[in-house]
Amino acid sequence: MNASSDRIALPAPAPAHTGMTSRLVRVTHRAARAPLIALGRGKRLLVLWGFFLFLLLPLYWMVNCSLKTNTEIQDSGSRGLVPHDITLANYAAILGSGDWLGSFFNSFLYVGLNVALCVIAAVPAAYAFSRWRFRGDKHLFFWLLTNRMAPGAVFMTPMIALYSSIGIYDTHWAVALAHCLFNLPLAIWILEGFMSGIPKELDETAFIDGMGFGRFFRKVFLPLIKPGIGVAAFFCFLFSWTELLLAKSLTEEATMPIVVKLTTCCGAEGWDWGVFTAAGVLTMIPGMLMVFFIRNYIAKGFAMGRV
Amino acid sequence: MTNRAWLFLAPALFLVAMNAFIPLMTVVNYSLHNLIPGVREAEYVGLDNYRDVLHVPAEEDPAAAPAAEEELDPEWAAWIAEGEAEMAEVETSKASEFGDAIGRQFLFTFLILAIEIPLGLAVALCLPRSSWGTTASLVLLGIPLLIPWNIVGMVWRVFTRSDIGLLAPVFAIFGYEYQPATSPVDAWWTTVAMDVWHWTPLVVFLCYAGLKTIPEPYFRAAEIDGASRWATFRHVILPRLRYVLILAVLLRTIDSFNIYTEPAILTGGGPGSTTTFMSFFVNNLKDSKGLLAAVSMIYLFIVIMLCYVLFTIMQNLTREKPAL
């Protein structure tokens, strides 16, 4: 079908039998979508595949390196796109080493604490912002946003001093608390977006029906915003898992997280590239497993729920 | 209701106070003191740290200085003068380095915005129409956003290192010697390429979310009017994407101002200090807390001003067109 015939088809009155109607609807629908594309089909595919190639090549190279032996990685003669003989020794080295596993465990521990803290504090706060008007609410809301935007480097030194003085420096709590700096505002903003999507009348009806606030919140409201809590928790997880600067300055040997461990894994005989890349691939996995489930919320999470 | 609202906000406010308010006040306090590591007593120096950083000469205190010198024997005086000159030199170099870091930061932000926004928009317009194609594309595009930032740095480091990477031999075929460890130009464009790799998908996601909100009849109307592809893009698509595009600019500007992890792992700020951006520069000042705090305050001021300007523009756009 080309565009000119669609244009004729459009104003035509709907025929009596339904089969014809659905075909017409389908045709006009397709025609209406066509101008969305600013380029021809060939050029579109070229842009798309070019970009995907750019996206995947570095990732592929890293996975490729993690399956090679160190000698093969550093062999300048054969920098092959495919490993000669695939070895899992690098992964075995990580999974068999208490040091590496310990740092993975450290990371999961403070990330888990951080997610729990953020969600527990953010749910009531977001409810307050979405349901009630009170003095200074708008300013408070914007101030929270600026905390998300504030550079971690600025807060690093005083945080070390503060946490040392209350005796939690170099513990998992220190990093978990510090990451609330940017994760808590994020969680509040995302949850506020989800909660504002639920009509206020629901609350009012429940209260008129004589439901207590606590019961309403647990039995009615929380189940409704479950997806919101999931998205907020995921993004708290993501940003806490990936943050390096604060995690690095608030921890020492005992609680060293995986991100810091990765920056220090330069052995006596130089870089152990095989193990280094294997650890990198392992660190990528949690995020990559989530991509499929979170794909429709990615824009929302990164845009603080403003899309 | 107000009391109940504050009660609900209490846990969040407590956490924010611990992590944002108290440290921020501490930074303000540090920035007014001369803190030398190992010396317990902090000396109040007013705005001296800011003067040093911004390269404004300190006001001379004519009454105090000569009186002190008379009591000292000349050898001591010479030694002190030498020390002071050295300190001044260090401060001057720090100040000019700070200026350089700000300059680099603005250039970097400008470059990545100039590449990521058009590229992201183009890719969003090129996304396939079929539903499985869209899903597959979104999943692929999501990968760089969801892998940890330090791994982003690592992926690019492994990819671009001249001894183990793929890029160097590929460029060698074209006769270009690629040396990111020693050549500032190579290091720069590698850092920019990494940021484009990492964050263009976000622009795509935002534009895609914006495109989905354009009602079909708009395109039908444009088609009936016989609008060309370019005219449709210019007059139908672009105006409706204003909000998401300004949001993309806001997010990318602020996040690129905070960039630390990726360049720290990819280039370590080098070669020399050619890829030392603001966060990295602040982190390098760890030894003199006073200067660090003063630099931090100026840095924070720049970030919040940018944030405020872009946020205001965004709010005005939403008020004009409440469709989104």
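So, here is what we can say about the structure in this document. None of the values given here were measured: they were computed from a predicted structure.

Describing the overall build of chain B
The secondary structure content of chain B amounts to 13 helices and 2 strands. A burial count over chain B gives 49% of its 324 residues as buried. Across chain B, contacts joining residues at least 24 apart in sequence account for 69% of those joining residues at least 6 apart. For chain B, the computed accessible surface area is about 15,400 Å², with 65% contributed by carbon and sulfur atoms.

Points about the nonpolar core
Within the largest apolar cluster, 198 residues are counted, with the highest numbers of intra-cluster contacts made by Y163(A), L184(A), I188(A), F235(A) and F302(A). Residue contributions to this core peak at 17 residues, all from helix α9 (residues 172-196) of chain A. Those residues in contact with F235(A) that lie beyond four places of it in its chain are N183(A), L186(A), I190(A), I294(A), Y297(A), I298(A), G301(A) and F302(A). Of all hydrophobic cores here, the second largest spans 7 residues; its members include F108(B), W188(B), V196(B) and F277(B).

Section: the interface of chain A and chain B
Note: interface size is frequently given as the accessible area lost on complex formation between the parts. Facing the 102 residues of chain A at the interface are 102 residues of chain B. Each partner contributes to the roughly 9,400 Å² buried at the junction of chain A and chain B, and carbon and sulfur atoms together form 79% of this total. The tally of links from chain A across to chain B stands at 1 salt bridge. For R148(A), the salt bridge is made with D255(B), and the minimal N-O distance between the two is 3.6 Å.

Quick word on helix α5 (residues 131-146) of chain B
The end-to-end C-alpha separation of α5(B) is 22 Å, in line with the 22 Å expected for 16 residues at 1.5 Å each. Every buried residue of α5(B) is listed here: G133(B), T134(B), S137(B), L138(B), L141(B), G142(B), I143(B), P144(B), L145(B) and L146(B). At its buried positions, α5(B) is contacted by α3 (41-66), α12 (226-242), α15 (273-294) and α16 (298-302) of chain A together with α6 (149-160) and α8 (184-212) of chain B.

Remarks on the pattern of salt bridges
Residue and element names in this part refer to chain B. If you walk through the whole model with that rule in mind, you get 5 salt bridges over all chains. A salt bridge links E116 to R252, with the nearest nitrogen and oxygen atoms 2.9 Å apart. Of the two residues, E116 sits in helix α4 (residues 74-126) while R252 sits in helix α10 (residues 229-257), which places them 136 residues apart along the sequence. Here E116 matches R252 in class, with each residue buried.

A few points about the packing of aromatic side chains
Taken as a whole, this structure holds 43 aromatic pairs over all chains when the rule is applied. Taking the centre distance of 5.5 Å and the plane angle of 90° together, the rings of Y127(A) and W132(A) count as edge-to-face. In this pair, the class of Y127(A) matches that of W132(A), namely buried. Both rings, one in F292(A) and one in F293(A), keep their centres 5.7 Å apart while their planes meet at 85°; by these two values the pair is edge-to-face. Taking relative accessible area as the criterion, F292(A) reaches 42% and is therefore assigned partly exposed. Taking NZ or CZ as reference, R295(A) lies 4.6 Å from the ring centre of F292(A), over its face. It is R4(B) that lies over the ring of F213(A); its NZ or CZ is 4.6 Å from the centre.

Thresholds, definitions, all that
The written sequence of each chain sets the order in which its residues are numbered from 1. The order in which chains are written sets their letters, starting at A; the order in which ligands are written sets their numbers, starting at 1. Whole-chain, interface and lining totals are the exception, using all residues; otherwise, since this is a predicted model, local features are given only for residues with pLDDT of at least 70 and side-chain atom pairs are given and counted only at 80 or more. Calculated side-chain values reflect all of the structure's heavy atoms, with hydrogen atoms and water omitted. Helix and strand assignments follow DSSP, with helices taken as H or I runs no shorter than four residues and strands as E runs no shorter than two, numbered in order from the N terminus. Partly exposed residues are those whose accessible area sits between 20% and 50% of the maximum for their type, while under 20% is buried and over 50% is exposed, using a 1.4 Å probe and protein chains only. Two residues qualify as a contact provided that any one of their heavy atoms is within 4.5 Å of a heavy atom in the partner residue. Every accessible area reported is derived by Shrake-Rupley at a probe size of 1.4 Å, with residue values counting cover from the shown protein chains alone. As used here, the term nonpolar core means buried Ala, Val, Leu, Ile, Met, Phe, Trp, Tyr and Cys residues forming a set that is joined through side-chain atoms within 4.5 Å. Reported buried area values correspond to the accessible surface (1.4 Å probe) lost by two parts on association, with both partners' losses combined. One speaks of a salt bridge when a side-chain nitrogen belonging to Lys or Arg is within 4 Å of a carboxyl oxygen belonging to Asp or Glu. By this rule, a helix spans an expected 1.5 Å times one less than how many residues it contains. Pairing of aromatic rings covers Phe, Tyr and Trp, the last counted by its six-membered ring, and requires centre-to-centre distances within 6.5 Å; plane angles under 30 degrees mean stacked, over 60 mean edge-to-face, and any other angle means tilted. Working rule: Lys NZ or Arg CZ, within 6 Å of ring centre, within 35 degrees of ring normal, means a charge sits over the ring.

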